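Spelled out from the first residue to the last, the chains are:
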Amino acid sequence: MTQGLIVESNTKLDELARALNEADSTKKKLQVESQDLNRQIEECETAIATLGKNKISLTTQLEDTKRLADAEARDRASLLTKFKNLTTEAENLRMRIEEEAEKKNDVLKALSKAQAEIQLWRSKFETEGLGRIEELEGSKA
């Protein structure tokens, strides 16, 4: 019986040693898994921090781009208004030039008519004047 107890005790001791080894092995596996998960958590936290910084940077860039786009839209509207004003002014000047050209043509026609009339009167007076001079010279002689 004592021999049986010793064998039974040794068997239990072996089972407990095996269970202890398995528990130790499981503990080591769990520690490795814990370390791996902690490393992954740290990587995720670092990635989250980096993404937060990127978000802030992109938000700032977006705001700057919006301000730039707004300024360009205002400039474009201003330039469009100036263009329309200049187009209207150019059209008004074109009309004035045409009116002035018509007036110039009218004045040139009147001048031409006046010069023709002057030439007519000149020849008339020269003819009459020469005739009168000859008449006076004839009466003197």
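One can find the structure itself at the top, above this paragraph.
Chemist: Explain the overall build of the chain residue by residue, including any values.
Modeler: Tallying secondary structure elements over the chain gives one helix and zero strands in all. A principal-axis box enclosing the C-alpha atoms of the chain has dimensions of 200 × 20 × 15 Å. Classification of the 141 residues of the chain by burial places 0% in the buried group. When the accessible surface of the chain is summed, it comes to about 13200 Å², and 59% of that surface belongs to carbon and sulfur atoms. Charged side chains in the chain number 24 positive and 28 negative. The centres of these two groups are separated by 3 Å.

Chemist: Describe the packing of aromatic side chains, naming the residues involved and giving the relevant values.
Modeler: Under the criterion given, the structure shown has one aromatic pair. A centroid spacing of 5.5 Å and a plane angle of 25° characterise the contact between W121 and F125, whose relative ring orientation is stacked. You can see W121 and its partner F125 sitting in helix α1 (residues 2-140), four residues apart, about one turn around the helix. Relative accessible area serves as the criterion here: at 39%, W121 is assigned to the partly exposed category. A relative accessible area of 49% means that F125 is categorised as partly exposed.

Chemist: Tell me about the pattern of salt bridges, and please be specific about residues and values.
Modeler: Per the stated rule, a full pass over the model turns up seven salt bridges. In this structure, R39 engages D36 in a salt bridge whose closest nitrogen and oxygen atoms are separated by 2.4 Å. On the criterion of helical spacing, the pair formed by R39 and D36 is a turn pair, its members being three residues apart in helix α1. Exposure remark for D36: the relative accessible area of 30% places this residue in the partly exposed category. R39 serves as the salt-bridge partner of E43, at 2.8 Å between the closest nitrogen and oxygen. On the criterion of helical spacing, the pair formed by E43 and R39 is a turn pair, its members being four residues apart in helix α1. Residue class for R39 comes out partly exposed when judged on its relative accessible area of 39%. Three or more residues joined by partner-sharing salt bridges are found here, namely D36, R39 and E43.

Chemist: Describe the environment of L51, and please don't skip the residues or the numbers.
Modeler: By the secondary structure assignment, L51 is in helix α1. For the pair formed by L51 and K109, sequence separation is 58 residues and the distance between their alpha carbons is 84 Å.

Chemist: Can you tell me about a negative patch on the surface, naming the residues and giving the values?
Modeler: Together, E98, E99, E102 and D106 give the surface a local cluster of negative charge. Residue position: D106 is located in helix α1.

Chemist: I'd like a description of the environment of G129, backed by residues and values.
Modeler: Structurally, G129 is set in helix α1. For G129, a relative accessible area of 27% gives the class partly exposed. The spacing of G129 and L79 is 50 residues in sequence and 71 Å in space, taken between C-alpha atoms.

So, how was this worked out
Residues numbered from 1 in each chain as written. Predicted model: local features only at pLDDT ≥ 70, side-chain atom pairs only at ≥ 80, totals over all residues. Heavy atoms only, no water. Helix = DSSP H or I, 4+ residues; strand = E, 2+ residues; numbered from the N terminus. Buried < 20%, exposed > 50% of the residue type's maximum accessible area, 1.4 Å probe, protein only. Areas by Shrake-Rupley, 256 points an atom, 1.4 Å probe, with all protein chains shown as cover. Lys, Arg positive; Asp, Glu negative; His and termini not counted. Charge placed at Lys NZ, Arg CZ, Asp CG, Glu CD. Phe/Tyr/Trp six-rings, centres within 6.5 Å; stacked < 30°, edge-to-face > 60°. Salt bridge = Lys/Arg side-chain N within 4 Å of Asp/Glu carboxyl O. Patch = residues over 30% accessible without salt bridge, like charges linked within 9 Å, V, L, I, M, F, W, Y side chains within 5 Å.

Don't take any of this as a statement about function, it's just geometry.
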